[in-house]
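So the chains spell out like this:
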Amino acid sequence: MKRATIKSVETRYYEERDALMRGLKNLDRRSFLKLSAAAAAAALAQGVAFNFHSFQPVRVARAASGATADFTFAYISDSHLYKRDLNDRFVRQLLRAVDDINHLTPQPDFVLYGGDLAQLGQPLELELGAQILKNLKAPVRMMVGEHDWFLDMGEKWRGLFGESTYSFDHKGVHFVVLHSVMEDDFWTERGMTPTQRMQTVAGLDNGIQSRFKVGAEQRSWLENDLRPYSNDAPIIVFSHSPLYKYYRPWNFWTDDAEDVQAILARFSRVAVVHGHTHQLLTNRIGNIHFHGMLSTAWPWPYAPEGLPALTVQMNRADPFDPNDALGDGSVRVNPDGLVDKLYNLWNRNPVQVASAYLTSAGKTATPPTPNLKSY
Amino acid sequence: MKMRTMKSLVFATLAVLLAAYREGGAEEASDETPKGAKAPSATEQDRIDDAAMAQWKGRVEGRDWMAEELAKHKVLTPAPNDGLIGKGQGATYGSITREDVKVWQHETYKEAVEGSRIFHSADRLKSTIAVSCDMCHPDGSNTHPETYPKFQVQLGRVALLRDAINWCIENPVRGRKLEPDSAEMRALESYIYAQRKGAALEYGKR
Amino acid sequence: MQYRRMGNPTAFLILTVVLPLLGACDAVFQGGSDGPRGAHGALDMGAQTVLLDGLLPEYDVTQPPPGVDPHIWRQVVIPADNPMKPERVALGKKLYFDTRLSKDGTVACATCHDVTRGFTDQRPVSEGVGDALGKRNAPTTMNAFLMQSLFLDGRAPSLEAQAKLPILNPIEMAHPHEQAALAAIAEDPTYKQMFSFAYGRLPNYADLGRAIAAFERTLVFLDAPFDRFLAGDTEAISEEAARGWVLFNGKGRCMSCHQFNPSNPIGTDHRFHNIGVAARKQNFEALASQALEALGQQGGGVQAVDRLALQTDLSELGRFLVTKDRADIGAFKTMQLRNIALTGPYMHDGSMKTLWDVMDHYNKGGEPNPFLDGGIEPLALNEEEIDAMVELMFALTDARFDEQNQRLFREQRTLAGTERPFRDTAMAQREIYPFEERVMGRVR
């Protein structure tokens, strides 16, 4: 199972810089300042502006030089758990995914949970999911999906997992986790109970619900959060909805996608890793790379229209195998800050979608073409 | 069901009136109000009426069911037959009228919409694991009714659409298989065919 | 249909005198035997030949045999370079029972594919030259002509290809190379004449494979009570077995892989699935990387794969050794269910002694491992349902083996009554889940 890592001249250069930057951690203050000056000079040579007023120069310089560590994180997504004695299949499949990740060598740096842990947002469902995910050896980063949220508007989720919108840095990459399944209120005027609201959202093809959005409040949070980062900083966004517009009737859609993309547009290395679509999905808009995550619960067919041109479909699911077209996977963050996405499909060969495929707009590193396309 | 509803409606009204009577103090006596009972004010009456109406609506499901279902799920409409209005001749067909076309349209569409309701309901499929068809087949996608009949090795026979539906009900849905000629099966088939409107027949295609 | 031909006096003698003596010594799964059994537990080759004559009906071998769809026979079964002829079948038969095809003269095809032992050897794994034990259970040659690939990992694409390999395997028939195998028989004037008659050529290894294949295409055993039941005779199998058939198609989920239909009547999808049998013993990930290394060194030749498959622990990786496809790790071929009662012990390593063990294995959802086939899941069958399905299995035995079938049923039922090592009711009834113990630690 080989993964192609394309190392350009720039990449190797960045790797050397990265080694230099790592050394910074062990220095005393004087040597630190000396080096930081050198780094600043190097960054300047790249034509990146930054300020000297705090330790920011180091951080900005690091980001500017693109010196990131080469690391991997894994993901599990869209488990749609019912309570334990109602549906055993979904539970078993999440257990299988956890088992898969626990058997990875080396272990990933962390595991992203991609949203829709519960099916109907019930406390029992969320608790069951939390209990199972606790058994992951690597640390877990949670992301919320619509099935987790719309029963109690996130009360239980926040209690278990904390805020749904947050960001963190890891080895020189800035990660943002969004709550991208906000919906305009459709339930009050109809006098819906929380359960009815949840049932409505739980139906993928239910037209009563609103389209997903990130929302103005979160967009402004995002802008602020990203402000310190230079255009060269590698950014990875975790989002449940795709952050672009694929197929409106199934909410494979984010209503304010263009606005979010505009915020991200200035960065030269941005990847969005999203859930919700339960299929292999690849897209590129400007410099933004979009990758879908597999579900552990059930697969979805490709939508009748709107499929991004860059997506090389996975083989359609075999209904006679309950685990087909499902799985988990991982994302490798390369030293150049771009990502390679690995889909670990159960009972199939894994599929990798390399950053080179997206940067070359589909000309090189093409993923394997399916021999059983959806129709 | 209507009888029961009417009965409970009567009881409900009586109960309300009785309560009003017990509260005592008839002020605006009208010819219908029992002696000593207080007649409900205009707004109170509205509320009583609304409550009664809501109860009635809630119990007699059927009035708005089609609109309710269509608000949630899109169902493609049957082929338009308006071009036939005024056509036909002689004793057998007579002349096709607007009403005829409307009746055909409505009854056909009703069956498909009923199918949509069952398709989207784990309960009506008697699923023991709360799975409904639309979870894997949103809007009836990926069902390919135009490819039947076809030999399905896992069924050991040439399958028709209803056999595939029953297999799905038994396996991914873990519900109870339907009799091939039951109302539910017929409705499900109607919905699935409706959503694939326009696809060319290609029996045996895999 | 009359199968026994009492015309031959020798046959009559054997059938009425020798056989009853031997009857008590039909090999049981433990391989024990009293009486005149030859090397490696096989019945004497001559006796086997006679028995086989008694079992097979007379028919024109150039025509489709009774019970097989003629269209499938012509279009799918018969290869272009080996059409059926009586002289080819005769040559193949002689070769099948010929122990000279083994290095020390003790092993013929019929040693491990013994007419009296379900055309297999009824042992967990097969024993070859020098009493060497292999790693895999011998599949039956009954109805093998309907298989789309041969060997448990499907590495032989045809009967012709399959027949040529065990002869050269060091732990089976152990001839060092084709020439040695040929040398053992080529000087025999009978063979010279038979090869010439059959293929118009001097004895050669390719034709040897073809002849054995032609013979194997006459081993048609598709006449079970189950077939009469399918044809409409509701009394042909017991009510319990009929219930088993309903479960087979329904709750048991068997039909997904063990497919029965008129064009493919033997109960297999000819594919390879990891159902977790090997996972009981192995660490798959470690073995898989080992395998890739080994194959790279020895070159990916067919014989190298053959050798590895049978001799080393890598054998447990199954189909992966052939395709080197990650999805095939630990996957073995879905076996035919015809005559399954006669071909125990079960699974690729012969680890399951009774069909009840097999049902227990499936009922609990196999053995969890990273490559487990997604179609394997706990079935929540209760004991009555398991019994019904086992009853169905026994109804799949060809009527000609009725006596052995009934004896084996009694033996298996007795054994299953005392031990059911694979039973896991909590798992089967979905109280705890596969992968749960691996992930959460001990949950019981």
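Computed from a predicted model, the values in this text were never measured in an experiment.

(A) Highlighting the overall build of chain A. Counting secondary structure elements, chain A contains 11 helices and 12 strands. Burial analysis of chain A (375 residues in total) assigns 51% to the buried set. Counted over contacts in chain A with a minimum sequence separation of 6, partners at least 24 positions apart contribute 71%.

(B) A look at the sheet that holds strand 11 (residues 339-345) of chain A. All names here are of chain A. The mixed open sheet is built from 6 strands, whose spatial order is 3-2-1-10-11-12. Among the strands making up the open sheet, the edge pair consists of strand 3 (140-142) and strand 12 (351-353). Each neighbouring strand pair of the sheet contributes to a mean axis angle of 25 degrees, computed without reference to strand direction. Note: strand 2 (residues 111-113) against strand 3, 3 bridges, orientation parallel. The residue of strand 3 that forms the bridge with V111 is V140. Against the sheet, helix 4 (residues 88-102) touches strand 1 (71-76), strand 2, strand 10 (327-333) and strand 11, its axis set at about 170 degrees to strand 1.

(C) Structural detail: helix 8 (residues 189-199) of chain C. All names here are of chain C. Among all positions of helix 8, only Y191, M194, F195, A198 and Y199 are buried. Taken around the axis of helix 8, the buried residues stretch over an arc of 100 degrees, which confines them to a single face. Exposed residues lying more than 90 degrees from the buried face of helix 8 are P189 and Q193. Contact partners of the buried residues in helix 8: helix 4 (86-96), helix 7 (178-186) and helix 9 (205-216).

(D) Here's a closer look at the pairing of strand 6 (residues 235-239) of chain A. Residues and elements named next belong to chain A. Burial analysis of strand 6 places 5 of its 5 residues in the buried class, the great majority of the element. With burial as the criterion, each face of strand 6 is covered, one bearing I235, V237 and S239 and the other bearing I236 and F238. Sheet topology note: the strand 5 (residues 173-177)/strand 6 ladder contains 4 bridges and is parallel. Across the sheet, residue V176 finds its bridge partner in strand 6, namely V237. For strand 6 and strand 7 (residues 270-274), the ladder comprises 5 bridges, and the chain directions are parallel. Its bridge partner lying in strand 7, I235 is registered against V270. Once the chain exits strand 6 it traverses helix 10 (residues 257-264) before rejoining the sheet at strand 7, and the crossover so formed is right-handed.

(E) Just the interface of chain C and chain B, in detail. Counting residues at the interface gives 8 residues for chain C and 5 residues for chain B. Residues of the side of chain C that touches chain B, tallied by class, amount to 2 nonpolar, 5 polar and 1 charged.

(F) Up close: the interface of chain C and chain A. Counting residues at the interface gives 18 residues for chain C and 22 residues for chain A. It is helix 19 (residues 436-440) of chain C that provides the largest number of residues to the side of chain C that touches chain A, a total of 4 residues. Partitioning the side of chain C that touches chain A into residue classes produces 7 nonpolar, 3 polar and 8 charged.

(G) Local environment of the packing of helix 9 (residues 216-226) of chain A against helix 10 of chain A. Residue and element names in this part refer to chain A. Direction vectors running N to C along helix 9 and helix 10 enclose 10 degrees, while the axes themselves pass 10 Å from each other. Considering their axes alone, helix 9 and helix 10 lie roughly parallel with respect to each other. Here R219, L222, E223 and L226 of helix 9 come into contact with helix 10, specifically with D259, V260 and I263. A class-by-class count of the residues in the contact of helix 9 with helix 10 yields 4 nonpolar, no polar and 3 charged.

(H) Examining the nonpolar core more closely. If you look at the biggest cluster of nonpolar residues, it comprises 120 residues, and the most contacted ones within it are V98, V111, V237, F238 and V273 of chain A. For this core, the leading source of residues is helix 4 of chain A, giving 7 residues. Other than its neighbours up to four places away in sequence, V111 of chain A contacts F73, A74, Y75, I76, I101, L136, A138 and V140 of chain A. Formed by 106 residues, the second largest nonpolar core is a distinct cluster that contains C254, A278, A341 and L342 of chain C.

(I) The arrangement of helix 2 (residues 45-55) of chain C in detail. All of the buried residues along helix 2 of chain C are A47, Q48, V50 and L51 of chain C. Looking straight down helix 2 of chain C, one finds that the buried residues subtend no more than 165 degrees of arc, so they occupy a single side.

(J) Representation of the environment of T268 of chain C. Residue and element names in this part refer to chain C. Examined against the element boundaries, T268 turns out to sit in the loop between helix 11 (239-249) and strand 1 (272-273). In this structure T268 comes out as buried when scored by C-beta crowding, with 20 C-beta atoms within 10 Å. When the C-alpha positions of T268 and L337 are compared, they lie 7.2 Å apart, and in sequence the two are 69 residues distant. Excluding residues within four positions of it along the chain, T268 makes contact with H258, Q259, T334, M335 and Q336.

(K) Fine view of the sheet that holds strand 9 (residues 288-292) of chain A. Residues and elements named next belong to chain A. One open sheet accounts for 6 strands, arranged 4-5-6-7-9-8; its pairing is mixed. At either margin of the open sheet sits one strand with a lone partner, and together these are strand 4 (166-170) and strand 8 (282-285). On average, adjacent strands in this sheet sit at an angle of 20 degrees to one another, irrespective of strand direction.

(L) Structural detail: the confidence of the model for chain B. All names here are of chain B. Residues at a pLDDT of 70 or more form 73% of chain B, whose mean pLDDT is 83. The least confident element of chain B is helix 1 (residues 2-23), whose mean pLDDT is 60; the most confident is helix 8 (residues 183-195), at 97. Below pLDDT 50 for its whole length, residues 24-33 participates in 12 contacts with residues either more than four positions away or in separate chains. The complex prediction reports pTM at 0.82, with the ipTM value standing at 0.83.

(M) Spatial organisation of unusual backbone geometry. For the peptide bond that leads from Y148 of chain B to P149 of chain B, omega is 0 degrees, which places it in the cis range. The residue P149 of chain B is located in the loop between helix 6 (133-136) and strand 1 (150-152) in this model. Following G344 of chain C, the chain continues into P345 of chain C via a peptide bond in cis, with omega recorded as -10 degrees. Mapped onto the elements of the fold, P345 of chain C is located in the loop between strand 2 (332-333) and helix 15 (355-363). The phi angle at A130 of chain B is positive, at roughly 55 degrees, despite the residue not being glycine. Counting through the fold element by element, A130 of chain B comes out in the loop between helix 5 (98-119) and helix 6. At H40 of chain C, a position not held by glycine, the phi torsion is positive, near 60 degrees.

Cut-offs and rules
- Residues numbered from 1 in each chain as written.
- Chains lettered and ligands numbered in written order.
- Predicted model: local features only at pLDDT ≥ 70, side-chain atom pairs only at ≥ 80, totals over all residues.
- Helix = DSSP H or I, 4+ residues; strand = E, 2+ residues; numbered from the N terminus.
- Buried ≥ 20, exposed ≤ 12 C-beta atoms within 10 Å, placed from the backbone.
- Contact = placed C-beta atoms within 7 Å.
- Pairing = 2+ DSSP bridges.
- Axes fitted to C-alpha atoms, helices over the stretch in contact; angles between N-to-C directions.
- Arc of directions from axis to C-beta.
- Right-handed = clockwise from strand over helix to strand, strands pointing away.
- Nonpolar A, V, L, I, M, F, W, Y, C, P; charged D, E, K, R; others polar.
- Parallel < 35°, antiparallel > 145°, perpendicular 65-115°, else oblique.
- Core = buried A, V, L, I, M, F, W, Y, C linked by C-beta atoms within 7 Å.
- pLDDT = per-residue confidence, 0-100.

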